[in-house]
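Inside the fold
So the chains spell out like this:
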Amino acid sequence: MEIYDTSTASLIAKKLLEIKAIKLSPKQPFTWASGWKSPIYCDNRLSLSYPSVRQLILEKLIKAIQTHFLNIEAVAGVATAGIPQGVLIADKLDIPFLYVRSKAKGHGMENRIEGKISPGQKVVVVEDLISTGGSSLKAVSDLRDAGFDVLGMVAIFTYGFPLADQNFANEHVKLVCLSDYASLLPQALEQGYISSEDVAALNSWRKEPASWQP
């Protein structure tokens, strides 16, 4: 996993905190669908409701793509949160867009990939958030099975779990993110979202998220 650049990582983290797309609650943690207790909740879809933040994220995602994936021919969004970001990018670059469902439709053509399938086409996958990477990499696998040449993936934010890094490495998928958990904590401390006493607990969660307790 790579971070596009440190200044972008800090800026995106700051903006996500400001619009409350990211919430931190180390003393009263959230419960994820997996059952994990988490001091952070991230909903980057909120950025779509703030034009200046939406435009900033779009510009930075495009720059990340143009820097790391020069031969892009199409954009694939991961349903559902990767779809709007992917559409915006594809429109700006004037290239085809498609998206990948978490599971096939139960009716009609029962598609898992929506859009024109062009075997050999070089595609970059767009995600909003990376946790363990499981669902994101399943989308990559589906695209590869359909014949696409997956150049890699871009995402707005990653928790930076070592497990995710290993999963992406195992599948030989290059991941470039705009911001990450390590960039978030200094911004949250500076802006007063957390206290200095919270930092140790927040750092320990990222290292052992499955067993972490407040």
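See the structure shown above.
Structure report, in brief.

About the criteria used
Residues numbered from 1 in each chain as written. Predicted model: local features only at pLDDT ≥ 70, side-chain atom pairs only at ≥ 80, totals over all residues. Heavy atoms only, no water. Helix = DSSP H or I, 4+ residues; strand = E, 2+ residues; numbered from the N terminus. Buried < 20%, exposed > 50% of the residue type's maximum accessible area, 1.4 Å probe, protein only. Salt bridge = Lys/Arg side-chain N within 4 Å of Asp/Glu carboxyl O. Pairing = 2+ DSSP bridges. Contact = heavy atoms within 4.5 Å. Axes fitted to C-alpha atoms, helices over the stretch in contact; angles between N-to-C directions.

Right, let's talk about the environment of alanine 79 for a bit. Inspection of the secondary structure assignment puts alanine 79 in the loop between strand E6 (74-78) and helix H3 (82-93). Judged by relative accessible area, which is 27%, alanine 79 ranks as partly exposed. A C-alpha to C-alpha distance of 20 Å links alanine 79 and isoleucine 22, two positions 57 residues apart in sequence.

The tally for this structure, following the rule as stated, stands at eight salt bridges. Residue arginine 112 is joined to aspartate 142 by a salt bridge in which the shortest nitrogen-to-oxygen separation is 2.0 Å. Placement of the pair is arginine 112 in the loop between strand E7 (97-100) and strand E8 (113-114) and aspartate 142 in helix H4 (residues 134-145), with a sequence separation of 30 residues. Its relative accessible area of 19% is what places arginine 112 among the buried residues.

This brings us to the sheet that holds E8. Spatially, seven strands are ordered E1-E11-E10-E9-E6-E7-E8 in an open sheet, and the strand pairing comes out mixed. Of all the strands in the sheet, the pair left with one neighbour each is strand E1 (2-3) and E8. Sitting on the sheet, helix H1 (residues 6-18) is in contact with E1, strand E10 (149-158) and strand E11 (175-180), with an inclination near 55° to E11.

So, about helix H6 (residues 181-190). Residues spaced three or four apart along an α-helix face the same direction, because each turn holds 3.6 residues. Along H6, the residues classified as buried are Tyr181, Ser183, Leu184, Leu185, Gln187 and Ala188. Packed against the buried residues of H6 are H1, strand E2 (22-24), strand E5 (40-42), E10, E11 and helix H7 (199-207). Downstream of H6 by a residue or two, glycine 192 has a phi angle that is positive, lying close to 85°.

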